[in-house]
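Here is how the chains run, residue by residue.
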Amino acid sequence: MILVLNKNLPEAEIAGVVSEIERLGFSAQVVLNQPNPLVFVSGDVKVVPSHLFSNIAGVEKVMKLGPACPRVDNSEGRPVVVGNIKIGYGAKPVVIAGPCSVENEEMLLQTAHAVKVAGAVMLRGGAFKPRTSPYDFRGLGKQALEYLAQARRQTGLPVVSEVMSVEQLEIALDYVDVLQIGARNMYNYELLSAVGKTQLPVLLKRGMSATINDLLQAAEYIMLAGNSQVILCERGIRTFETYTRNTLDLSAVAALKTLTNLPVIVDPSHGTGRKDLIRSMSRAAIAAGADGLIIEVHPQPMRAMSDAAQAITPVELEKIVMDTRKIYELFSEEATFSSAPALSLASTVS
Ligand code: PEP
Ligand code: MN
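Please read these numbers as outputs of a predicted model, since none were measured by experiment.

Below, the discussion takes up the domain arrangement of the chain. Taken as a whole, the chain is organised into domain 1 (2–66) and domain 2 (71–334). One C-alpha centre belongs to domain 1, the other to domain 2; they are set 45 Å apart.

Okay, here's the thing in structure tokens:
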């Protein structure tokens, strides 16, 4: 950390700054820069709130060195691995699909087989449902996890499901392949640390009013606890717009890809809340560089117990899977090299 001192601060006052830093347990090195003297502070300054430095008399500005979330910033350039599926860092985009909530055994198994046929590589399904109204369907809990495990046995698709508490996490560990932290719990630091202590990959959704930095800091909590298998998910943020359920922030996808190596996926279902917009936003997400999509699918969308307005059919999902492949090929590096047809057309014309 570097402290920029007030212009032309007298030496006696610079000495006062140094002794205050030493009192805090750090060592200080003065550089008599003109007009602002500088003090380099060494030691683990993160353990002390920065106002303890900025409030020292004679200090004009505190400049922190090093990243705010070092584990996220320096995350290794390798995909997150779920069974034989790779997500992010050069892997082809993945499509995760399934119902908003697991409603019963039959609908889950039917959906699981249908999304597999449509090209999804992982099954989603809510067992513990965070609902805005406590009177809405809140999921089947452990019973739903058992159905999910059964669907995995039948289809081979790994399953992702949300946990909202440490107690639910302990139950889910025996059933799921990926733990989902939902938008409402992105700020639940106890839960983030708890999933960070497991070995399972974590799908971390952006909170509905969270900044990109908030999301990265939440990922840092998980990584600091020891789990580097984190998948970030843009799922729309609250804005003044009411036509869509949320505003899907695809600029966050592009931004996150420049800020971290962690995979970034997009949830166009909660991002828009409207089935008629899911295909367009899925296309846009892949074009923006997303490493995958998570989409709510129901065999009979109108009958869905939760989020019916955003559920699409397996047939629609299949179209999105096809789009995803085409768009990825168009923008991947191989596709850049295979621009040969255009060149040969040009040479034929000449
Ligand atoms: C979900 O994926 O089922 C869900 C509740 O999403 P979010 O946390 O993004 O609202
Ligand atoms: Mn939902």
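Past the structure itself, the notes keep going.
Now for the coordination of the manganese ion (ligand 2). For the manganese ion (ligand 2), the full set of protein donor atoms is Cys100 (SG), His270 (NE2), Glu296 (OE) and Asp307 (OD), and the range of their distances to it is 2.0 to 2.4 Å. All donors of the manganese ion (ligand 2) come from a single chain, and their spacing in sequence reads C-x169-H-x25-E-x10-D. Residue His270 is located in helix 10 (residues 268–272), and its partner Asp307 is located in the loop between strand 14 (292–296) and helix 12 (314–331); the two are separated by 37 residues in the primary sequence. Residue Asp307 is classed as buried on the basis of its relative accessible area, which comes to 18%.

One pass over the structure, following the stated rule, counts 14 salt bridges. We note a salt bridge from Arg206 to Asp249, for which the minimum N-O separation is 2.9 Å. In this pair, Arg206 sits in the loop between strand 11 (202–205) and helix 8 (212–224) while Asp249 sits in the loop between strand 12 (230–234) and helix 9 (250–259), placing the two residues 43 residues apart along the sequence. Among the charged side chains, a network of salt bridges with common partners joins Arg206, Glu234 and Asp249.

Empty space among the atoms can be located by rolling a probe the size of a water molecule over them. The full count for this structure, using the stated rule, is one cavity of 30 Å³ or more. Estimated volume of the largest cavity: approximately 40 Å³. Along the walls of the largest cavity sit Pro99, Cys100, Ser101, Glu103, Glu296, Val297, His298, Ala304, Ser306 and Ala311, which together make up its complete lining. The class makeup of the residues in the lining of the largest cavity is five nonpolar, three polar and two charged.

The rules behind the values
Residues numbered from 1 in each chain as written. Chains lettered and ligands numbered in written order. Predicted model: local features only at pLDDT ≥ 70, side-chain atom pairs only at ≥ 80, totals over all residues. Heavy atoms only, no water. Domains from an automatic or database assignment. Donors = N, O, S within 2.8 Å, 3.2 Å for Na, K, Ca; no water. Helix = DSSP H or I, 4+ residues; strand = E, 2+ residues; numbered from the N terminus. Buried < 20%, exposed > 50% of the residue type's maximum accessible area, 1.4 Å probe, protein only. Salt bridge = Lys/Arg side-chain N within 4 Å of Asp/Glu carboxyl O. 1 Å grid on protein atoms, 1.4 Å probe; cavity = no way out; pocket = protein on both sides within 12 Å on 5 of 7 lines; lining within 4 Å. Points joined across faces, edges and corners; volume = space filled by probe spheres on them. Nonpolar A, V, L, I, M, F, W, Y, C, P; charged D, E, K, R; others polar.

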